[in-house]
Amino acid sequence: MGTVLRGGTVVGGGEYRADVRIDGPAIAAIGQGIAQSGDRIIEVDGCYLLPGGIDPHTHFDLDIGTTVTADDFASGTKAALAGGTTTIIDFATQAKGGTLQAALSAWQAKAAAKCFTDYGFHMAITDFNDRIACEMGELVAQGVTSFKLYMAYKHNLQVDDSVIFRTLRHSHGIGALIGFHCENGDVIDTLVQEAIKAGQTSPRYHALTRPAAAEAEAIHRVISLAEMAGAPLYIVHLSCAGAVDAVLAAKARGVRVYAETCPQYLLLDDACYEAAGFEAAKYVMSPPLRTKPDQEALWNSLRTGLLDTVATDHCSFNFHGQKELGQHDFSKIPNGGPGVEHRLALLYTYGVLPGRITLQQLVDYTATNAAKLFGLFPRKGIIAPGSDADIVVWNPKHSATILAASQTQRVDYTPYEGWHQQGQAEYVFLRGCLAAQSGKPCGEPRGEYLRRNPFPDRRENDG
Ligand code: URP
Ligand code: ZN
C-alpha cells in the first residue's frame, strides 16, 4: 500500500499539477491516475509539493566552553521538521591536537538515535598537519565530503592563510569541498580588545567590532587563495554587499565559488542592536546583522541566482542564562541565534510573496542546490521517481504569527517574535513516513546518517 498526494502543484524543474505516489521510502510515480488499489489518498488541492528542505548549516549540541547550545540534535531536528526541513548538515569540529576521526565519532554519538531528520556532517578543521591531510581523504570515504575552516575566532578556531591554501590545494583531487567562515579574525580581535579596554561592553559593540569590510576582505582573500590552489570553495553566511561584490567578480572570472546566506541577513538589520537594555544580545551572531542596503544586495543576488543556498546557521542560546553570560562583556555573549524552524516560512512570506524570489528559487535555495553541492542529489533535493520521498506539502493559505511560546525550537526567544507567517508545512514526509503535520513534528526519531558523495572534480564539471 502506498500513499498518493492528490491534486497539488509540484515545484522543481518547473511548476506543474500532478499527483505524487509514495511507495515505501521512495517516490514511485508522478502523474495522473497513478493510485493503486489500497493506496491512502491525501487531498492536497491548493498546496505546493516541495522537496524536503536541506539546511546545510546548523550547530546542534555545540559546546562552546562556557555553555552548550539550547537545541540538541533531538529538539533541533524536530524544529527543522516542523518547518519543512528534512535533512540537516551539522558541523563536527576537530579538537585542537585531536584527530578528525575522533571528532566525527563524537558528533556521531551526539546525533545517534536522536535525529528526527536525516543528517550529515561537515568537518571543521582547527589544527592542520600532514596527518590531518591524510585523514581528510579517509573522511571523504566515510561520506564526510565537505570541510570548514574559520578565518575568525582568533586563539580558538581561526586558521592562517598557509592552512587555508594547503587544505584547498589538497581538497582538489580527493572529492572535498571546503567551506569558509569569512571574517578577518585578527582585525576583529584588535577591535574587540580595544573596545573592552575603553569600557565599551554592551552588545552593540559586537557589531561595531566586526565591520562589513572585515568580511569582504576575508572573502577576497580566500577566493584568491582558492584560485592559486585551483580549488572550488563554499562561503558560509554572506551578510553584506561587499561580500556579494567579491563573489560576483569571482564567478564572472570563472572561479568555482559557491555562496550561502541566511534569513537573518535578509530580514533583520543593525537597528536590532539599538534595542533597549541587554535585548540586543539576542542578535549577537557572527557575522553581525548589517544595514538595509546590505539586505537589498543579498536579495538581489538571490533574485539573479548569484548565491547558491539559504541556510540558517541555527546556533541557539537562551536569552536568560546563556546570552546573559555576556551581560558585562559583549565578547562573552555566546554567538548565534535560532532559525532552523522558520526558514521556509520566512522565505515564502518575505521572499516569494512580495516577488523577490520565485517559488522555484525557494526550492533551489532551500533544497536542490544544497543537495547538489553536498553530494545528496538526486536522492534528496528533488521530487522525482526514485528519489527519497522527502516531501513538504506547503499550504499557502495558512497564516500564523511566529512566537517563541509556540515554537518547537527549544530556546526562549525567536528573533522573529510577532512576525507574520504566510503558509505552513501542512504535511512533511521523511523517506515516506509522515513526520510532521500542521507545523508540528509527529512520530519517532527516524533520522538516518547520510554518507554523502564526493564533490565532483573540475574535469567532470567542465565536461
Ligand atoms: O554566530 C554564529 N554564527 N555562531 C555559530 C558559529 C559560527 O560562526 O558559525
Ligand atoms: Zn555557523
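This is a predicted model, so every value here is computed, not measured. Going along each chain's sequence as written, the residues are numbered from 1 onward. Chain A is the first chain written and ligand 1 is the first ligand written, with later ones labelled in order. Only residues with pLDDT of at least 70 get local features here, since the model is predicted, and only at 80 or more are side-chain atom pairs given and counted; chain-wide, interface and lining totals rely on the full set of residues. Here the side-chain values reflect all heavy atoms present in the structure, with hydrogen atoms and water set aside.

Draft legend 1. Quick peek at the overall build of the protein chain. Secondary structure assignment for the protein chain yields 13 helices and 19 strands. The C-alpha atoms of the protein chain give 21 Å as radius of gyration, which agrees with the globular expectation for 463 residues (23 Å, within 12%). With respect to the principal axes defined by its C-alpha atoms, the protein chain has extents near 70 × 50 × 40 Å. When each of the 463 residues of the protein chain is scored for burial, the buried share is 61%. Here the analysis covers contacts within the protein chain between residues at least 6 apart in sequence; of these, 75% occur between residues at least 24 apart. Each accessible area value is a Shrake-Rupley result obtained with a 1.4 Å probe; residue values ignore everything except the protein chains displayed when judging cover. For the protein chain, the accessible surface area stands at approximately 16400 Å², while carbon and sulfur atoms represent 52% of it. Side-chain charges of the protein chain comprise 40 positive and 50 negative groups, with the mean position of each set lying 2 Å from the other. Under the DSSP-based scheme used, a helix requires at least four consecutive residues in state H or I and a strand at least two consecutive residues in state E, with every element numbered from the N terminus. For the radius of gyration, the atoms used are the C-alpha atoms, and the globule rule reads 2.2 Å times the number of residues raised to 0.38. Burial here depends on accessible area, computed with a 1.4 Å probe over protein chains only, as a share of the maximum for the residue type. Under 20% is buried, over 50% is exposed, and the range in between is partly exposed. Two residues form a contact once any of their heavy atoms are found within 4.5 Å. Counted as positive: Lys and Arg. Counted as negative: Asp and Glu. His and the chain ends are not counted at all. To locate a charge, the coordinates of NZ of Lys, CZ of Arg, CG of Asp or CD of Glu are taken.

Draft legend 2. Structural detail: the coordination of the zinc ion (ligand 2). Note: metal donors comprise N, O and S atoms at 2.8 Å or less from the metal (3.2 Å for Na, K and Ca); water molecules are not included, so apparent gaps in a site are possible. Surrounding the zinc ion (ligand 2) are the protein donor atoms His57 (NE2), His59 (NE2) and Asp313 (OD), at 2.0 to 2.1 Å. Here the zinc ion (ligand 2) is ringed by four donor atoms whose angles at the metal span 84 to 140°, and the overall shape comes out irregular. A residue is classified by how much of its surface remains accessible, and histidine 59, at 7% relative accessible area, is buried. By the criteria applied here, four donors are tetrahedral when all angles lie between 85 and 135 degrees, four are square planar and six octahedral when opposite donors are over 155 degrees apart and every other angle lies between 65 and 115, and any other arrangement is irregular.

Draft legend 3. Looking closely at the side chain of glutamate 135. Mapped onto the elements of the fold, glutamate 135 is located in helix α3 (residues 130-141). One buried charged side chain, glutamate 135, makes no salt bridge at all; its nearest oppositely charged neighbour is arginine 131, positioned 4.6 Å away. Throughout this description, a polar contact denotes any pair of N or O atoms lying within 3.5 Å of each other; where both atoms belong to protein, one of them has to be capable of donating a hydrogen while the other can accept it, and for residues adjacent in sequence the pair is counted only when both atoms sit in side chains. In this structure the side chain of glutamate 135 is engaged in a polar contact, spanning 2.8 Å, whose partner is the backbone nitrogen of glutamine 101. Apart from the residues lying within four places of it in its own chain, the contact partners of glutamate 135 are Thr99, Leu100 and Gln101. For this document, the term salt bridge refers to a Lys or Arg side-chain nitrogen within 4 Å of an Asp or Glu carboxyl oxygen.

Draft legend 4. Examining the sheet that holds strand β7 (residues 48-51) more closely. Strands qualify as paired when DSSP identifies two bridges or more between them. Within the open sheet, the seven strands sit side by side as β3-β2-β7-β16-β17-β18-β19. Their pairing is mixed. Only two strands of the sheet have a single partner each, and these edge strands are β3 (15-17) and β19 (440-441). Pairing of strand β18 (residues 433-437) with β19, which is carried by two bridges, proceeds in the antiparallel orientation. Bridge pairing links glutamine 437 to lysine 440 in β19. As a rule, the C-alpha atoms of each element are fitted with a line to give its axis, helices using only the stretch in contact, and angles between N-to-C directions run from 0 to 180 degrees. Contacts between helix α11 (residues 343-352) and the sheet are confined to β7, β16 (391-401) and β17 (420-430), with β17 contributing the most and set at about 135° to the helix.

Draft legend 5. Inspection of helix α5 (residues 185-197) at higher detail. What a helix should span is 1.5 Å times the count of its residues minus one. With 13 residues, α5 ought to run about 18 Å at 1.5 Å a step, and its terminal C-alpha atoms sit 18 Å apart, in line with that. Buried within α5 we find Gly185, Ile188, Asp189, Val192 and Ala195. Take α5 and look down its axis: the buried residues cluster within an arc of 130°, on one side only. In this structure, the buried side of α5 is in contact with α7 (212-229). Two or three places before aspartate 186, at the start of α5, stands the capping residue asparagine 184, its side-chain oxygen 3.1 Å from that residue's backbone nitrogen. One or two steps after α5, the chain reaches glycine 199, where phi turns positive at roughly 80°. The directions considered for the arc are those from the helix axis to the C-beta atoms.

Draft legend 6. Just the site of ligand 1, in detail. Only heavy atoms are used to decide nearness, and a residue is near a molecule or strand if one of them lies within 4 Å of it. Within the structure, ligand 1 sits among His57, His59, Lys148, Tyr153, His181, His237, Met285, Ser286, Asp313, Cys315, Asn335 and Gly336. Tyrosine 153 places a side-chain nitrogen or oxygen 2.6 Å from an oxygen atom of ligand 1. A distance of 3.2 Å is found between an oxygen atom of ligand 1 and a side-chain nitrogen or oxygen belonging to histidine 181. Burial of ligand 1 by the surrounding chains reaches 95%, relative to a free accessible area of 260 Å².

Draft legend 7. A look at the nonpolar core. Put simply, buried Ala, Val, Leu, Ile, Met, Phe, Trp, Tyr and Cys residues joined by side-chain atoms within 4.5 Å make one nonpolar core. The biggest cluster of nonpolar side chains holds 103 residues, and the ones touching the most others in it are Phe147, Leu168, Phe180, Leu233, Ile235 and Leu238. Leaving out residues up to four positions away in the same chain, leucine 233 has contacts with Leu168, Leu177, Ile178, Phe180, Val222, Ile223, Ala226, Val255, Arg256, Val257 and Tyr258. Formed by 16 residues, the second largest nonpolar core is a distinct cluster that contains Ile27, Ala389, Ile391 and Phe429.

Draft legend 8. Focus on the pairing of strand β4 (residues 19-23). Burial of β4 is extensive: four of the five residues sit out of reach of the surface. Relative to β4, strand β1 (residues 3-6) is paired through three bridges, and the arrangement is antiparallel. When the bridges of β4 are listed, leucine 5 appears paired with valine 20. Note: β4 against strand β5 (residues 26-31), five bridges, orientation antiparallel.

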